[in-house]
Amino acid sequence: MAKRPRSAMPAAAPVAPTVTAGVPGFAHFGGFIASQERRNEVVGPQKWVTFSDIATNFSIVASGIRHFLGLIARTEWTVEPAGSEDDPEEFKSAAKEAADFVESCLHDMVTPWSRVTRRASMYRFRGFDIQEWTAKRRMDGKIGMLNVAPRPCHTIDRWELTDMGEVLGMWQANPNTGQYLFLPRSKVLYVVDDALTDSPDGLGLLRHLVEPAERLKEYLRLEGIGYQRDLRGIPVGRAPISALNAAVKEGKLTKEQSQLLLDAMTDLVKMQAKTHDTGVILDSKTYESQTDTGVQVSPVPQWAIDLVTGNATGIDSLGNAINRVNREMARILGVEQLMLGEGVGTRSLSEDKTSNFFLQVEGALADIAESGEKDFIGPLWQLNGLDDELKPTLKYEAVQFKDVAKITAALRDMATAGAVLQPNDPAINDVRDLLGVAREPEIDPELLDAMNRIKAGLPADDSVPQDPEEPMPNDPAAGAKQRQKVPGRRKVMKRNVIAI
């Protein structure tokens with residue numbers, strides 16, 4: 001881009017801190033965003049056709065997206081009350097009630113919250129995602145959410161923007177009638193991948209896959225032709241054309257009969273794909289020549305089909321190119337660990353790449369949680385007129401692979417160091433959940449207290465007064481004192497044992 005002449009630039013002037021001096025980096029006219037793309041297949045409505053083709057018809061992309069969405073859908077979401085531990089009990093109680101209200105709204109919709117988050121996570125691949133919420137009046141008189149429904153990207157025709165590029169809403173084209181429907185920004189859950197662009201439609205990972213997908217599609221086409229034709233060279237047919245012409249000249253064959261014989265050979269040579277019953281029967285007669293010593297028979301048949309081949313078949317090189325592009329696309333999606341085990345890679349490398357992938361999933365969850373607090377909890381607070389200080393936050397469970405063997409080994413090491421688990425410790429049931437076995441039944445608090453007292457050498461029931469002269473059960477001198485108080489006790493116990 002040519003630089004503007006310095007004389008045409010305005011003079012620099014101071015700008016107040018409360019004044020915005022710059023503008024967005026994208027151009028928009030009447031709600032339509034001016035695209036900087038040079039590929040026609042990713043401009044306008046055709047972009048969504050291209051993206052859909054890549055996500056549907058390329059196995060590595062489909063498996064990577066499904067893997068990502070599966071982790072998003074299985075994430076546990078909780079609502080954390082506002083405030084801190086230092087707040088008054090009255091505030092804590094109100095904050096807890098507000099958090100319970102939001103959590104009840106999450107589980108009281110037509111579409112489960114897990115599906116809402118799974119759909120929202122597609123912003124990472126398409127560039128943005130829009131879902132419209134609809135409120136309802138609950139039985140308790142409060143206003144909750146009836147549903148959060150998707151508004152597909154390919155139906156968003158233009159945007160309602162301010163001069164500074166802020167989104168005020170979007171216009172959706174009804175796919176059935178073509179009618180334009182306005183979706184206010186305050187009524188949608190909107191997530192955008194604006195890391196590489198400030199355009200409201202973002203820039204997703206599917207855009208990065210367009211060029212590799214084209215190469216992969218061409219390689220697969222060549223591989224298909226190669227397998228159909230063996231990819232070993234150019235088919236060459238051999239026929240006694242001179243003999244056929246002579247036979248036509250002598251009147252033994254008509255020209256049509258001669259051409260019919262040659263057409264059968266020509267069709268076989270030009271055939272693009274073989275079928276399960278493809279075959280040919282050729283005349284086995286060889287060439288003969290008359291010499292002084294008699295008729296010489298040549299080993300070369302008059303009718304034959306051969307292949308003109310080179311030193312290399314090319315099929316292995318093409319397969320390597322396909323694997324390379326597949327790995328490149330997997331690397332873009334962050335799911336390269338799905339391809340480990342195909343002759344290369346180690347377990348440690350797989351764990352490292354899997355951990356990095358989990359970080360990407362958590363990054364998407366953080367964006368969805370931020371959008372959910374603004375576009376889901378925010379409207380609930382406005383509709384119900386609640387205090388903003390009581391507004392809770394959305395929390396998600398960290399996505400990670402949990403190795404039961406490592407967890408139990410860590411708990412064992414902690415116990416060895418002195419941090420022994422109590423019978424009612426939640427970690428025990430957590431390990432049971434990972435193992436897929438039944439949870440341990442809850443222990444009565446009074447029974448647990450009695451067990452702990454006995455373990456510490458105290459009476460099971462603290463209501464029984466302890467004789468100050470009575471030795472503790474774990475006192476080393478207790479046995480001797482007992483024997484002094486009860487003479488012959490040991491002998492009686494021995495007779496009892498013998499009697500049994």
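Our next topic: the overall build of the chain. Per the secondary structure count, the chain includes 16 helices and 14 strands. Residues classed as buried in the chain amount to 29% of the 500 residues present. Considering only contacts within the chain whose residues lie at least 6 apart along the sequence, 62% involve residues at least 24 apart. By element, 54% of the accessible surface of the chain is carried by carbon and sulfur atoms, the whole surface being about 32,700 Å².

Right, let's talk about the sheet that holds strand S7 (residues 167-173) for a bit. Each strand in a sheet pairs with its neighbour through backbone hydrogen bonds, running either in the same direction (parallel) or in the opposite one (antiparallel). Pairing is antiparallel across the open sheet formed by three strands, whose spatial order is S6-S7-S8. Taken across any chain shown, the strands that pair with only one partner, and hence form the sheet edges, are strand S6 (156-161) and strand S8 (180-184). Taken pair by pair, the neighbouring strands of this sheet meet at an average axis angle of 25°, ignoring direction. Relative to S8, S7 runs antiparallel, the two sharing five bridges. Across the sheet, residue Met170 finds its bridge partner in S8, namely Leu183.

Below, the discussion takes up the sheet that holds strand S5 (residues 143-150). Strands sit in the order S5-S4-S9 across an open sheet of three strands; the sheet is antiparallel. Across the chains shown, the open sheet's two edge strands, defined by having one partner strand only, are S5 and strand S9 (188-192). Mean inter-strand twist for the sheet, computed between neighbouring axes without regard to direction, equals 25°. As defined by bridge partners, strand S4 (residues 128-137) adjoins S9 across five bridges and the pair is classed as antiparallel. Bridging across to S9, Phe128 finds its partner in Val192.

Burial of nonpolar side chains together is a common tendency in soluble globular proteins. Ranked by internal contacts, the top residues of the largest apolar core, which has 72 residues, are Val61, Trp113, Trp159, Met329 and Phe376. Counting residues per element, this core draws most heavily on helix H11 (residues 347-384), at eleven residues. Counting five residues, the second largest nonpolar core, distinct from the first, contains Leu262, Met265, Val269 and Trp303.

The next subject is a nonpolar patch on the surface. Residues Val280, Leu282 and Ile305 make up a contiguous nonpolar surface patch of roughly 210 Å² in combined accessible area. Relative to the assigned elements, Val280 resides in the loop between helix H9 (255-270) and strand S11 (286-291). Its relative accessible area of 46% is what places Val280 among the partly exposed residues.

Looking now at H9. For H9, with 16 residues, the first-to-last C-alpha span of 22 Å sits near the 22 Å given by 1.5 Å per residue. Among all positions in H9, only Ser258, Leu262, Met265 and Val269 are buried. Seen from one end, H9 has its buried residues packed into an arc of 55°, which puts them on one side. The exposed set on the far side of H9, more than 90 degrees from its buried face, consists of Glu256, Leu260, Asp267 and Lys270.

Let us look at the packing of helix H2 (residues 59-73) against helix H4 (residues 113-120). Where H2 meets H4, the closest approach of the two axes is 8 Å, and the angle between their N-to-C directions is 145°. Crossing of H2 over H4 shows right-handed handedness. Across from Leu69, Ile72 and Ala73 in H2, the residues of H4 making contact are Ser114, Thr117 and Arg118. Tallied by class, residues from the contact of H2 with H4 come to three nonpolar, two polar and one charged.

Orientation of helix H8 (residues 241-250) relative to H9, taken along the N-to-C sense of each, is 165°, at an axis distance of 9 Å. Comparing their axes, H9 and H8 come out roughly antiparallel. Judged by the sense of rotation from one axis to the other, the crossing of H8 with H9 is right-handed. The residues of H9 that touch H8, namely those facing Ile241, Leu244 and Val248, are Lys255, Ser258, Leu261 and Leu262. Looking at the contact of H8 with H9, its residues break down into five nonpolar, one polar and one charged.

Before going further, it helps to examine the confidence of the model for the chain. For the chain, the average pLDDT comes to 83, and 81% of its residues sit at 70 or higher. Segment residues 485-500: pLDDT under 50, and two contacts once partners within four positions in sequence are set aside and those in other chains are kept.

On to helix H10 (residues 315-333). For H10, which comprises 19 residues, the first-to-last C-alpha distance of 27 Å matches the rise-based estimate of 27 Å (1.5 Å per residue) to within 8%. Within H10, burial applies to Ile315, Leu318, Gly319, Ala321, Ile322, Val325, Asn326, Arg327, Met329, Ala330 and Leu333. Gly334 sits one or two positions beyond H10 and adopts a positive phi of about 80°.

Let us now look at the pairing of S6. Across five bridges, the pairing between S6 and S7 is antiparallel. Bridge pairing in S7 places Arg158 opposite Trp171.

The subject of this paragraph is the environment of Asn245. Along the chain, Asn245 falls in helix H8. For Asn245, a relative accessible area of 46% corresponds to the partly exposed category. Between the C-alpha atom of Asn245 and that of Gln259, which follows or precedes it by 14 residues, the distance is 9.8 Å.

All right, on to the environment of Tyr180 then. Here Tyr180 shows up in strand S8. In this view, Tyr180 contacts Asp157, Trp171, Gln172 and Ala173; residues no more than four positions away in its chain are not counted. Only 2.8 Å separates the side chain of Tyr180 from the side chain of Asp157, close enough to count as a polar contact.

Given two aromatic rings, one states the distance between the centres and the angle between the planes to describe the pair. Using the criterion set out here, one finds twelve aromatic pairs in the structure. A centroid spacing of 6.1 Å and a plane angle of 90° characterise the contact between Trp77 and Trp113, whose relative ring orientation is edge-to-face. You can see Trp77 sitting in strand S3 (residues 77-80) and its partner Trp113 sitting in helix H4, a full 36 residues away along the chain. Each member of the pair Trp77 and Trp113 is classed as buried. Ring centres of Phe101 and Trp381 lie 6.5 Å apart, and the angle between their planes is 45°; this geometry places the pair in the tilted category. With Phe101 in helix H3 (residues 89-106) and Trp381 in helix H11, the pair connects residues that are 280 residues apart, well separated along the chain. Judged by its relative accessible area of 4%, Phe101 falls in the buried class.

The rules we used
Residues numbered from 1 in each chain as written. Predicted model: local features only at pLDDT ≥ 70, side-chain atom pairs only at ≥ 80, totals over all residues. Heavy atoms only, no water. Helix = DSSP H or I, 4+ residues; strand = E, 2+ residues; numbered from the N terminus. Buried < 20%, exposed > 50% of the residue type's maximum accessible area, 1.4 Å probe, protein only. Contact = heavy atoms within 4.5 Å. Areas by Shrake-Rupley, 256 points an atom, 1.4 Å probe, with all protein chains shown as cover. Pairing = 2+ DSSP bridges. Axes fitted to C-alpha atoms, helices over the stretch in contact; angles between N-to-C directions. Core = buried A, V, L, I, M, F, W, Y, C linked by side-chain atoms within 4.5 Å. Patch = residues over 30% accessible without salt bridge, like charges linked within 9 Å, V, L, I, M, F, W, Y side chains within 5 Å. Salt bridge = Lys/Arg side-chain N within 4 Å of Asp/Glu carboxyl O. Expected span 1.5 Å × (residues − 1). Arc of directions from axis to C-beta. Left-handed = near helix turned anticlockwise from the far one by under 90°. Nonpolar A, V, L, I, M, F, W, Y, C, P; charged D, E, K, R; others polar. Parallel < 35°, antiparallel > 145°, perpendicular 65-115°, else oblique. pLDDT = per-residue confidence, 0-100. Polar contact = N/O pair within 3.5 Å; in protein donor to acceptor, adjacent residues only side chain to side chain. Phe/Tyr/Trp six-rings, centres within 6.5 Å; stacked < 30°, edge-to-face > 60°.

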